[in-house]
Amino acid sequence: MAQPTHERVDSPDASTVFEYHDLTPPTTADIYRARQTLHDHLPRTPLVRSEWLSAEYHADIYLKREDTLPTGSFKIRGVTTLLANLDEEFRDRGVVTASTGNYGRALAQAARWFDTEAIVAVPEGTGQNRIDGIERLGGRVKVVGDDYDDSADWAAKIAAEEGYRYVHPGNERLVIAGTGTAGLEIAESLPEVDAVLGPVGAGSIGAGYSLSVGAVTDAKVIGAQAASVDTAYRAWQTGDLVPQEEADTFADGIAARVPYALPVQVMREELDGMYTVSEEAIVETVAAMFREEHILMEGACAPPFAVLDDFREDITGKTVAIPVTGRNLPTAKVERVMASR
Ligand SMILES: *Cc1c(COP(=O)(O)O)cnc(C)c1O
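Rules used in this analysis
Residues numbered from 1 in each chain as written. Predicted model: local features only at pLDDT ≥ 70, side-chain atom pairs only at ≥ 80, totals over all residues. Heavy atoms only, no water. Axes fitted to C-alpha atoms, helices over the stretch in contact; angles between N-to-C directions. Helix = DSSP H or I, 4+ residues; strand = E, 2+ residues; numbered from the N terminus. Parallel < 35°, antiparallel > 145°, perpendicular 65-115°, else oblique. Left-handed = near helix turned anticlockwise from the far one by under 90°. Contact = heavy atoms within 4.5 Å. Nonpolar A, V, L, I, M, F, W, Y, C, P; charged D, E, K, R; others polar. Near = heavy atom within 4 Å. Polar contact = N/O pair within 3.5 Å; in protein donor to acceptor, adjacent residues only side chain to side chain. Areas by Shrake-Rupley, 256 points an atom, 1.4 Å probe, with all protein chains shown as cover. Buried < 20%, exposed > 50% of the residue type's maximum accessible area, 1.4 Å probe, protein only. Pairing = 2+ DSSP bridges. Phe/Tyr/Trp six-rings, centres within 6.5 Å; stacked < 30°, edge-to-face > 60°. Lys NZ or Arg CZ within 6 Å of the ring centre and 35° of its normal. Arc of directions from axis to C-beta.

1. What to know about the packing of helix H3 (residues 75–84) against helix H8 (residues 173–189)
Phase 1: At a closest axis distance of 7 Å, the pairing of H3 and H8 adopts a crossing angle of 130°. In this view, H3 runs oblique relative to H8, as classed from their interaxial angle. Our pair here, H3 against H8, has a crossing hand that is right-handed. The segment H3 lies against H8, with Arg 77, Gly 78, Val 79, Thr 81 and Leu 82 engaging Leu 174, Val 175, Gly 178, Thr 179, Thr 181, Ala 182 and Glu 185.
Phase 2: Looking at the contact of H3 with H8 residue by residue, the classes come out as five nonpolar, five polar and two charged.

This is how it looks when you write it as structure tokens:
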């Protein structure tokens, strides 16, 4: 049977979008619906008080342990929500994305649950253990291109030609909705929460948490990026979706070279603040979290923790929640963290 093909359409940002990418922001109701969807697939993640950070900042600081989810990051929430709602046409065919990390792994897992095929394009030079991690879950890895952009071009091309559903790195309303379900869990466990801080790469946490815990509690929702890859931060400030040339940071999970229209729009409307942190602060924060809490987290988790230092006065006596978003720290980076302890 010939597969229907799909056309790329004009993109509001420097990425490829197809006509099935609905750029309407999700609503808080969509996040409640996502939560019903995820109920059968994912456990509620622990929300654990950090005695170390609480004492350090004279505040009540809680860690939302998203790193305990299947595949080791929060990405499984969004991708599972997307696949649960996928059109039959695409479920028969399969899904494709480009990712060297958590998105690809999560997509492979969710595709297995929903009995469809996942193809994950990764650039040459991607670590074998990352490839193994995706293949072990039944994902098909295609090693193609010199960098992420090349892999993404390939993924969009086979999506167009062969009828796979291109899973966009940022402009997916159901991924934002699924990601936001963690915010609902925080709101229920900690209704008195004053602030929730999260890392921002593409912006699904920044957008999803604003529309969930930011909407149903009085909490301020604050985003944090790496200063060396701060495109979403700049787009959030100015409204201009300007990519940067390179995306090089220790925090590879938030190395988003391109700011994406949908999450940036939601963050501009809903997010209460955004800040950036240095590379040194990112590595030091990962090391400190290991030293004090014995949690080995990814560099991508670090920015919101690093931001706390600039807001000591503001958070004194306050209740704060911060997600630990992923635990898939590559071995070479583990060594760098240990060396900086
Ligand atoms: C993807 C990712 C982020 C950032 O999420 P975005 O939706 O890209 O903003 C943060 N931490 C980890 C571990 C990630 O994998």
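2. Section: the packing of helix H1 (residues 28–38) against H3
Phase 1: Relative orientation of the contacting elements H1 and H3 amounts to 85°, with a least axis distance of 10 Å. Between H1 and H3, the angle falls in the class roughly perpendicular. Across the interface between the two elements, Ala 34, Thr 37 and Leu 38 of H1 pack against Arg 77, Thr 80, Thr 81 and Ala 84 of H3.
Phase 2: A class-by-class count of the residues in the contact of H1 with H3 yields three nonpolar, three polar and one charged.

3. Things to note about the site of the ligand
Phase 1: Around the ligand lies a shell of 16 residues, among which Lys 75, Gly 201, Gly 203, Ser 204 and Thr 325 are the nearest.
Phase 2: Within the side chain of Asn 102, one N or O atom sits 2.7 Å away from an oxygen atom of the ligand.
Phase 3: Here a nitrogen atom of the ligand sits 2.7 Å away from a polar atom, N or O, in the side chain of Thr 325.
Phase 4: Taken by itself the ligand offers 380 Å² of open surface, and the protein chains cover 96% of this.
Phase 5: Of the residues belonging to the shell around the ligand, the class tally is seven nonpolar, seven polar and two charged.

4. Considering the environment of Arg 140
Phase 1: Note that Arg 140 resides in strand E7 (residues 140–143).
Phase 2: Taking the relative accessible area as the measure of exposure, Arg 140 reaches 45% and is therefore partly exposed.
Phase 3: Sequence separation between Arg 140 and Gly 104 is 36 residues; the distance between their C-alpha atoms is 9.9 Å.
Phase 4: With residues up to four places along the chain from it excluded, the contact list for Arg 140 reads Glu 117, Ala 118, Ile 119, Val 120 and Tyr 164.
Phase 5: Among the polar contacts listed, one links the side chain of Arg 140 to the side chain of Glu 117, at a separation of 2.6 Å.

5. Quick notes on the sheet that holds strand E4 (residues 60–64)
Phase 1: Taken in spatial order, the six strands line up as E3-E4-E12-E9-E10-E11 in an open sheet, and their pairing is mixed. Bordering the open sheet on either side are strand E3 (47–49) and strand E11 (273–277), each of which pairs with just one other strand. Going across the sheet, the axis of each strand differs from the next one's by a mean of 25°, ignoring polarity.
Phase 2: As judged from the five bridges shared by strand E10 (residues 220–226) and E11, these two strands associate in the parallel manner. Residue Ala 226 lies in a different strand from E11, and its bridge partner there is Val 277.
Phase 3: Contacting E10 and E11, helix H11 (residues 231–238) runs over the sheet at an angle of about 145° to E11.

6. Thoughts on the packing of aromatic side chains
Phase 1: This structure, assessed with the given rule, holds four aromatic pairs.
Phase 2: With a centroid separation of 5.3 Å and 5° between ring planes, the pair formed by Phe 18 and Tyr 20 is classed as stacked.
Phase 3: Note on Phe 18: relative accessible area 1%, which makes it buried.
Phase 4: With a centroid separation of 5.0 Å and 70° between ring planes, the pair formed by Tyr 20 and Phe 90 is classed as edge-to-face. Of this pair, Tyr 20 sits in the loop between strand E2 (17–18) and H1 while Phe 90 sits in helix H4 (residues 88–93), placing them 70 residues apart in sequence.
Phase 5: The buried category is assigned to Tyr 20, whose relative accessible area is 17%.
Phase 6: The class for Phe 90 is buried, based on a relative accessible area of 3%.
Phase 7: Counting every residue linked through ring pairs, the aromatic cluster contains Phe 18, Tyr 20, Phe 90 and Tyr 166.
Phase 8: It is Arg 93 that lies over the ring of Tyr 164; its NZ or CZ is 4.8 Å from the centre.
Phase 9: Just above the ring of Phe 250 sits the side chain of Lys 333; from NZ or CZ to the centre is 5.3 Å.

7. Considerations on helix H6 (residues 128–136)
Phase 1: Within the span of H6, buried status applies to Arg 130, Ile 131, Gly 133 and Ile 134. Considered in projection along H6, the buried side chains sweep an arc of 155° and stay on one side of the axis. Facing away from the buried side of H6 by over 90 degrees, the exposed positions are Gln 128 and Arg 136.
Phase 2: Buried-residue contacts for H6 involve helix H5 (102–113), strand E6 (118–122) and E7.
Phase 3: Of the residues flanking the end of H6, it is Gly 138, one or two places downstream, whose phi is positive at about 95°.

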